[in-house]
Structure formats: structure tokens, C-alpha cells
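Tertiary structure, described
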Amino acid sequence: MQIKLLINKKNIIMKVIVEMSFPGIRFIGKEKKSGFPQVASFTFSVDDDNCPFCGRQLHDAKCDCKKFATALKKLQESIGDKKHASYVKTSGLAWDSSFFDVAYEKANKARLPYDLFDDAFRTKDTITGEVYFVSKGECEDGKTVVFYLKTLADKKVYKVTAVMRGEEKMDYPTVTLVVSKQRFTDMVPGIYGSSLPFWEEEIIKTFTYQEFLTALRQLK
């Protein structure tokens, strides 16, 4: 059975996981106790989308709801995996803020969602002692990530905009269906038992993230 993927081409707002870190060695005294941490660096990676069936957030492109499991079995069968031996594996990139131009401005806290920092990334600058909360970001064009940062000491909130330089773009991870197969190393002549077993992954099918979700929707 062949799957004809019908994909909506309009921009998708991607959720982005933002992590924050500080250099371990630097000139002390050039930073304020609080305020926006200009010495910090950020790492950006595209977060999972929501399940096309139950609406909960996926984890590594997987969901444990019944409709997802049923659609996945049908997808496996459509690519020749009649025994459902394959499993879902994702592969994506994390981008360092050195690839971005980062700008910030104070945010109007009254206009922000009350739960903005509920699942925020939390980190501490061990030199200044300041604690920061970093919200998840959003990216619509693959190049511009917008997120918010809050300081614990004075509760200041900053809107941060990071724009990727160059032609590359952020995107969802690639999704592959793979099977593990047992192989054996080459035997050493004259030595009994010198051939040892090992497991090797074999890719059955590769999808873009949205192709994978679209295929599941069509096979529900």
C-alpha cells in the first residue's frame, strides 16, 4: 500500500526548548547582581508537536494513546513491517546561540500568560548567585525564536528575540522507523567462539516530522 502524503504548506508555529548556561570562568564584577544576563548563552531545540489524535504533547514523536498505536501499526504494515517489529526514532539538532543575533527588552508582565513559566528551564549563575527561569520559545519562520526570561531576585521579565544568521533554518527532528537485528562479528580462523553477537539498527523508512504525523492521520 502506498501512502500519498497531503501536507499543509503554511508555516507552523514550532515550540522550542530553550536552555541557558554560563561560562565558568570570566571577569568578576562586570555583571550586575540582577538584570538580563548578557554573558549567558542559550541552546535551542525544536520541541515535539501534539498528538494528532488525543492532543497531548508527543515525546520523541510517540504517544501512548490507543488511536496513535493503531495508526502506527497500520503505518508499519504499509511499509512491509507486518510483525510490527520496528520502532520510532527521532534525530534532530540543537542550536547554540552563537549562531543567532540575540536582542532583549523588558516585558509587560500584565500582558503575559499566568502560566508562562510553569514548565520553565531553571538555572543558576554560580558566580553572581542569580537564579533565572527561561520559558519555552516559539518559532514560525525557522529562524526567529521568541522566548521570555525571568530573574528570581527581582522578578523582572524580559522578552528575548533570537534571529538565526545565514541560510540554515531550525526544523522538527527527522523520524525513522527502525528495526534491531542481531549480527555476528567475523570469526577469527582457528579460534572457537571468536564470532560475537551484536545488535545493529536497520532503517526501514525515513520521514520528516510532519510527513510522519500526516501519514498517521491518514491511517487512523
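Everything in this summary refers to the structure shown in the same document. (Residues numbered from 1 in each chain as written. Predicted model: local features only at pLDDT ≥ 70, side-chain atom pairs only at ≥ 80, totals over all residues. Heavy atoms only, no water.)

**Things to note about unusual backbone geometry**
The following threshold applies: Numbering of helices and strands runs from the N terminus; a helix is a DSSP stretch of H or I covering at least four residues, while a strand is a stretch of E covering at least two. Residue exposure (1.4 Å probe, protein chains only): buried if accessible area is under 20% of the type maximum, exposed if over 50%, otherwise partly exposed.
Positive phi, close to 55 degrees, is recorded for His84, a residue that is not glycine. Of note, His84 is situated in the loop between helix 1 (66–78) and strand 3 (87–91). Taking the relative accessible area as the measure of exposure, His84 reaches 29% and is therefore partly exposed.

**So, the pairing of strand 10 (residues 157–164)**
The condition is simple: Note on pairing: DSSP must find at least two bridges between two strands before they are called paired.
Of the pairings in the sheet, the one linking strand 5 (residues 100–106) to strand 10 comprises seven bridges and is antiparallel in character. Bridge pairing links Glu105 to Lys159 in strand 10.

**So, the environment of Cys65**
Our working definition: Contacts were defined at the residue level, with two residues in contact if any of their heavy atoms lie within 4.5 Å.
Mapped onto the secondary structure, Cys65 falls in the loop between strand 2 (41–46) and helix 1. Judged by its relative accessible area of 10%, Cys65 falls in the buried class. Remark: the alpha-carbon pair of Cys65 and Gly55, spanning ten residues in sequence, is separated by 9.8 Å. In contact with Cys65, not counting residues within four places along its chain, are Cys51, Phe53, Cys54 and Arg56.

**Some thoughts on the packing of aromatic side chains**
Defined as follows: Stacked, tilted and edge-to-face pairs are distinguished by plane angle, under 30 degrees for stacked and over 60 for edge-to-face with tilted covering the rest, among Phe, Tyr and Trp rings (Trp via its six-membered ring) whose centres lie within 6.5 Å. Only Lys NZ and Arg CZ are tested; either one counts as a charge over a ring when it is within 6 Å of the ring centre and within 35 degrees of the ring normal.
This model, assessed by the stated rule, comprises twelve aromatic pairs. When the centroid spacing of 3.9 Å and the interplanar angle of 10 degrees are considered together, the rings of Phe36 and Tyr104 count as stacked. Of this pair, Phe36 sits in the loop between strand 1 (14–21) and strand 2 while Tyr104 sits in strand 5, placing them 68 residues apart in sequence. Between Phe68 and Phe212, the aromatic rings sit 6.5 Å apart at their centres with planes inclined by 65 degrees, giving edge-to-face as the arrangement. Linking Phe68 in helix 1 with Phe212 in helix 2 (residues 209–218), this pair joins segments that are 144 residues apart in sequence. Judged by relative accessible area, which is 2%, Phe68 ranks as buried. When its relative accessible area of 0% is taken as the criterion, Phe212 is described as buried. Through a chain of ring-to-ring contacts, three or more aromatic side chains come together here, namely Phe42, Phe44, Phe100 and Phe147. The ring of Phe133 carries Lys150 above its face, with NZ or CZ at 5.6 Å from the centroid. Just above the ring of Phe207 sits the side chain of Lys205; from NZ or CZ to the centre is 5.8 Å.

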